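# Summary of the model geometry
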Amino acid sequence: MNLQVPFYISGSFEITGLVSASPKYPNENAIVEATFATQNGSVSPDTINLTIYKPNYLTTWYSADKTGFTQNGNFWSWVQMIEAAPTTGTYYVHLTATYNNISDSKVTQFRI
C-alpha cells in the first residue's frame, strides 16, 4: 500500500508577482512592481532586496532594499530614472524577499 499525504508548510511565503514594463527609453522611469503573499493573503515582507543587472550580466545597474520601495495597497514599487545615455539591451531584475524567515526570489527583465 502506498499512501501519499499532501501537506502544507506552515507560514509559506511567496513573491506572487514581479513585473516591469518594456521597452524603456532614456530619461524615462524604470518601474519594478511586486506583490507578496502567504496562504492567508497579501503580506508586507520583512525584507526586500532588488538587484538590476546591465545587459552584460556582470554589472549592477541599480540595487535597492525595502526602504527604496513604496507600498501602495498590496503593491510594492521601485522607480528609477533611466539616464540620458544608457547601455541598451536587456536588463535583468532579480528580487529576493523574506517573511517570517522564509525567503523567495523571482526574476524578470526589461529592455532599454
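Being a predicted model, the structure only gives us computed values, none of them experimental.

Spatially, four strands are ordered 5-4-8-9 in an open sheet, and the strand pairing comes out antiparallel. Looking at which strands have only one partner, the edges of the open sheet turn out to be strand 5 (60-65) and strand 9 (102-111). Within this sheet the neighbouring strands show an average axis-to-axis angle of 15°, counted without direction. Relative to strand 5, strand 4 (residues 47-53) runs antiparallel, the two being bridged by five bridges.

With that settled, the discussion passes to unusual backbone geometry. Of note, the bond from Ser 22 into Pro 23 is cis; its omega dihedral lies within 30 degrees of zero at 0°. Secondary-structure assignment places Pro 23 in the loop between strand 1 (14-19) and strand 2 (29-38). A positive phi angle is found at Asn 27, which is not glycine, with a value near 65°. Inspection of the secondary structure assignment puts Asn 27 in the loop between strand 1 and strand 2. With relative accessibility at 53%, the residue Asn 27 sits in the exposed group. Even without a glycine there, the phi angle at Tyr 57 is positive, about 70°. For Tyr 57, a relative accessible area of 54% translates into the label exposed.

Turning our eyes to something else, we now look at the packing of aromatic side chains. Counting across every chain of the model gives nine aromatic pairs. Ring centres 6.1 Å apart and planes at 65° place the aromatic pair Trp 61 and Phe 110 in the edge-to-face group. In this pair, Trp 61 sits in strand 5 while Phe 110 sits in strand 9, placing the two residues 49 residues apart along the sequence. A relative accessible area of 9% means that Trp 61 is categorised as buried. On the basis of an interplanar angle of 10° and a centroid distance of 5.5 Å, the ring pair of Tyr 91 and Phe 110 is categorised as stacked. Of this pair, Tyr 91 sits in strand 8 (residues 90-99) while Phe 110 sits in strand 9, and the two are 19 residues apart along the sequence. Here the aromatic residues Trp 61, Tyr 62, Trp 78, Tyr 91 and Phe 110 are joined through ring pairs into a cluster of three or more.

Attention shifts here to the environment of Ile 48. As for its position among the elements, Ile 48 is in strand 4. Along the sequence, Ile 48 and Ser 103 sit 55 residues apart, while their C-alpha atoms lie 9.8 Å from each other. Apart from residues lying up to four places away in sequence, Ile 48 is in contact with Phe 36, Ala 64, Asp 65, Lys 66, Phe 69, Trp 76, Leu 95, Thr 96 and Ala 97.

Quick notes on the rules
Residues numbered from 1 in each chain as written. Predicted model: local features only at pLDDT ≥ 70, side-chain atom pairs only at ≥ 80, totals over all residues. Heavy atoms only, no water. Pairing = 2+ DSSP bridges. Helix = DSSP H or I, 4+ residues; strand = E, 2+ residues; numbered from the N terminus. Axes fitted to C-alpha atoms, helices over the stretch in contact; angles between N-to-C directions. Buried < 20%, exposed > 50% of the residue type's maximum accessible area, 1.4 Å probe, protein only. Phe/Tyr/Trp six-rings, centres within 6.5 Å; stacked < 30°, edge-to-face > 60°. Contact = heavy atoms within 4.5 Å.

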